[in-house]
Amino acid sequence: MADQTSGAGLAAASDIPSLDRLLNAEALRPALATHGRTQVVAALRRDLEALRKRALDGGVPRHELDAAAVAARTSAALDEAAQPRLRAVYNLTGTVLHTNLGRALLPDEAVASVLRALTTPANLEFDLDTGGRGDRDDLIDDLLCELTGAEAATVVNNNAAAVLLMLNALADRREVVVSRGELVEIGGAFRIPDIMKRAGAKLVEVGTTNRTHAADYENAIGPRTAMLMKVHCSNYAVTGFTKSVGVADVAALAHARGLPATVDLGSGTLVDLTQFGLPKEDTVRETIAAGADLVTFSGDKLLGGPQAGLLVGRADLIRKIKKNPLKRALRVGKLTLAALEPVLQLYRAPEFLAQRLTTLRLLTRPMRDIQPQAERLRGMLAHAVGRSYAVEAVPMFSQIGSGALPIDQLPSYGLAVRYAGSGRPGRHLDRLETLLRRLPVPVIGRIADDALWLDLRCLEDRDEAAFAAQLAEPLA
Ligand SMILES: *Cc1c(COP(=O)(O)O)cnc(C)c1O
């Protein structure tokens, strides 16, 4: 065996250095200092095992056995394993509130508050006036009431949890009347009928997919009815020959029979978006004013805060909800509250909101900023993708995302990359998409109509230099 291998510069299994020798080798010092002995020993064992196997299978080039070579492989493997799995990406999909990319980005005020909460003790459930035990909801319920006109408020982990909790607390083993046109499925397996079942409530569907009348609700009310509920058609629109009953009318019907009317508002905006040139969406305040007894909505959709589910409404109903054991199971952590409070504070000064609330700043980013940016970056991207592709700066449409205003689109600008060769472009666009995804900070676009689209709405000017730096060299 030794004869076969040594002549060709190949090493035999017996030439492989020992673990102890390697651990004492100068070359392994940096890896030991960075990753610690436990991980280095495990990585060395894996490396030596692979070398042994190859040596027995026919031989390993001698230079691969050098301590320096072993150290380089070990360090590379450990550095790779230490890379965070949750990584920053550029969201150039054109969907501002992209659920798979983490929805709302938080403003600086929220970041500072979270950092403080992470590193110092705080009065999470401690009443600083009395020195007694406090309620974590106290940190935000006054603000939520002020901003929505509701009597009381509470907060849980997300809006799905808010709906589950509301139904279980107010409709366990009783009936909830919902229009067939509002039995929505949100991405990620949130379906109103399923949540209803899990909450112990019985769904009573009324009307048809496209038309529901007041009489449909009225006829469905019986001795076991717990509430009339409306659900925002977040990610679809019923158009054509349609009829639905508004919150005010559903509330009036419910109240006439001594029942509450509840609304799952989904995105839940706190201000009239038309003042920012965005499409009209009913605000939480308007929904409460129209007579809703309880409204649930998300913290990280249009509101622009952290993942959370907010419940606002009548004090007696909120009290009942807070007594439900599920509230404890679904409660938010201090980081959520630390992020939520400063975001809600921003809403007190609506005149600054479009600048200070990141979500709104992105949604209202003017074309006069986006278009020149596309033109600035076009040549650089063209160079990076090479001659097989053609890059153009073109107008396109962004979406708000997360089920907010599903059919409304925002005029935007960006880069469209098309395959310049002959033949079908699909494979080439997929390859390009993969290369962009493999950049140190992955760039996420979308492929449609035989082009890769990079919508620049969410690439704010302050991030442009870092983005461009990644494209200075040709891809691949
Ligand atoms: C988004 C949405 C939900 C779920 O909210 P999460 O905060 O994602 O849990 C529930 N209902 C409606 C109508 C929604 O739009």
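Numbers given to residues run from 1 along each chain, matching the order in which its sequence is written. This being a predicted model, a pLDDT of at least 70 is required before a residue's local features are given, and a value of 80 or more before pairs of side-chain atoms are given or counted; all residues contribute to the totals for chains, interfaces and linings. For the side-chain quantities, the full set of heavy atoms in the structure was used; hydrogens and water were omitted.

1. Quick notes on helix α14 (residues 334-346)
Helix and strand assignments follow DSSP, with helices taken as H or I runs no shorter than four residues and strands as E runs no shorter than two, numbered in order from the N terminus. Take the residue count of a helix, subtract one, and multiply by 1.5 Å to get its expected span. Given a rise of 1.5 Å per residue, 13 residues ought to cover 18 Å, and the 19 Å separating the end C-alpha atoms of α14 matches this to within 8%. The buried label goes to any residue with under 20% of its type's maximum accessible area, the exposed label to any with over 50%, and the partly exposed label to all in between, with areas taken from a 1.4 Å probe on protein chains only. When α14 is considered as a whole, its buried residues turn out to be Thr336, Leu337, Ala338, Ala339, Leu340, Pro342, Val343, Leu344 and Leu346. Any two residues whose heavy atoms approach within 4.5 Å are treated as being in contact. Of the surrounding elements, those touching the buried residues of α14 are α5 (108-119), α6 (141-148), β4 (152-156), β12 (309-313) and α15 (350-356).

2. Some points on the pairing of β12
Burial of β12 is extensive: five of the five residues sit out of reach of the surface. Burial along β12 is two-sided: Gly309, Leu311 and Gly313 and Leu310 and Val312, pointing in opposite directions, are all buried. Criterion used throughout: strands pair if DSSP finds at least two bridges between them. The sheet contact formed by β4 and β12 spans five bridges and is antiparallel. In the sheet register, Val156 faces β12, and the bridge partner there is Gly309. Here strand β11 (residues 294-298) runs beside β12; their pairing, made up of five bridges, is antiparallel. Across the sheet, Thr296 pairs through a bridge with Leu311, a residue of β12.

3. Focus: the pairing of β11
Of all five residues in β11, five are buried; the element is thus mostly enclosed. Alternating residues of β11 divide into Leu294, Thr296 and Ser298 and Val295 and Phe297, and every residue in both groups is buried. Strand direction decides the pairing type here: strand β10 (residues 261-266) and β11, joined by four bridges, are parallel. Following the sheet pairing, Thr262 is matched in β11 by Leu294. Handedness of a crossover is defined as follows: orient the strands so they point away from the viewer, and if the path from the first strand over the helix to the second runs clockwise, the crossover is right-handed. Note on the crossover from β10 through helix α11 (residues 284-289) to β11: the handedness is right-handed.

4. Let's talk about the pattern of salt bridges
By definition here, a salt bridge exists when the distance from a side-chain nitrogen of Lys or Arg to a carboxyl oxygen of Asp or Glu is within 4 Å. Enumeration over the complete set of coordinates arrives at 26 salt bridges. One salt bridge in this structure joins Arg52 and Glu49, with 3.3 Å as the shortest N-O distance. Pair noted here: Arg52 and Glu49 are both in helix α3 (residues 29-57), with a separation of three residues, about one helical turn. By relative accessible area, Arg52 is classed as partly exposed at 34%. The partner of Glu146 in a salt bridge is Arg348, and the shortest N-O contact between them spans 2.6 Å. Of this pair, Glu146 sits in helix α6 while Arg348 sits in the loop between α14 and α15, and the two are 202 residues apart along the sequence. Accessibility expressed as a relative area gives 41% for Glu146, which makes it partly exposed. Accessibility expressed as a relative area gives 43% for Arg348, which makes it partly exposed.

5. Regarding the site of the ligand
In this text, near means that some heavy atom of the residue lies within 4 Å of the molecule or strand in question. With respect to spatial proximity, the complete set of residues near the ligand consists of Arg103, Asn158, Asn159, Ala160, Ile186, Phe190, His232, Ser234, Asp264, Gly266, Ser298 and Lys301. Polar contact criterion, stated in full: a pair of N or O atoms within 3.5 Å, where within protein one must be able to donate a hydrogen and the other to accept it, and residues adjacent in sequence count only if both atoms are side-chain atoms. Between an oxygen atom of the ligand and a main-chain N or O atom of Asn159, the distance comes to 2.9 Å. In the environment of the ligand, an oxygen atom lies 2.6 Å from a nitrogen or oxygen atom belonging to the side chain of Ser298. In isolation the ligand has 380 Å² of accessible area, and contact with the protein removes 94% of it. At the level of secondary structure, the elements contributing two or more residues to the shell around the ligand comprise α7 (159-171) and β10. For the accessible areas, the method is Shrake-Rupley and the probe is 1.4 Å, while residue cover comes only from the protein chains on display.

6. As for the packing of α7 against helix α12 (residues 315-323)
In this analysis, axes come from line fits to C-alpha atoms, helices being fitted only over the stretch in contact, and the angle between any two N-to-C directions falls in the range 0 to 180 degrees. Remark: α7 packs on α12, axes separated minimally by 9 Å, with the N-to-C direction vectors making an angle of 100°. In terms of axis orientation, α7 runs roughly perpendicular to α12. Only Leu317, Lys320 and Ile321 of α12 make contact with α7, whose side of the interface consists of Leu165, Met166, Ala169 and Leu170. Residue classes follow a fixed rule: Ala, Val, Leu, Ile, Met, Phe, Trp, Tyr, Cys and Pro count as nonpolar, while Asp, Glu, Lys and Arg count as charged, and any other residue, Gly among them, counts as polar. Of the residues that constitute the contact of α7 with α12, the class distribution is six nonpolar, no polar and one charged. Any angle from 65 to 115 degrees is called roughly perpendicular, while one under 35 is roughly parallel, one over 145 is roughly antiparallel, and all others are oblique.

7. Considering helix α19 (residues 461-470)
Restricting attention to buried positions, one finds in α19 the residues Glu464, Phe467, Ala468 and Gln470. For α19, the angular spread of the buried residues around the axis is 140°, confining them to a single face. In α19, the exposed positions angled more than 90 degrees off the buried face are occupied by Arg462, Ala465 and Ala469. On its buried face, α19 is in contact with β3 (90-91), α17 (367-385) and β15 (443-444). As used here, the arc belongs to the directions running from the helix axis to the C-beta atoms.

8. As for the side chain of His35
Mapped onto the fold, His35 is located in helix α3. Setting aside anything within four residues of it in sequence, one finds His35 in contact with Val40, Ser75, Leu78, Asp79 and Ala82.

9. Some points on the packing of aromatic side chains
When two rings of Phe, Tyr or Trp (its six-membered ring) have centres within 6.5 Å they constitute a pair, described as stacked for plane angles under 30 degrees, edge-to-face for angles over 60, and tilted for the intermediate range. Tallied over the entire structure, the rule returns two aromatic pairs. When the ring of Tyr90 is compared with that of Phe467, the centres are 5.0 Å apart and the planes differ by 85°; the resulting orientation is edge-to-face. Of this pair, Tyr90 sits in strand β3 while Phe467 sits in helix α19, and the two are 377 residues apart along the sequence. Side by side, Tyr90 and Phe467 carry an identical accessibility label, which is buried.

10. Overview of the sheet that holds β11
The strand order across the open sheet built from seven strands is β4-β12-β11-β10-β9-β5-β8, with neighbouring strands paired in mixed fashion. Every interior strand has two partners, whereas the edge strands, β4 and β8 (202-206), have only one. On average, adjacent strands in this sheet sit at an angle of 25° to one another, irrespective of strand direction. Across the sheet, α12 is in contact with β4, β11 and β12; its angle to β4 comes to roughly 30°.

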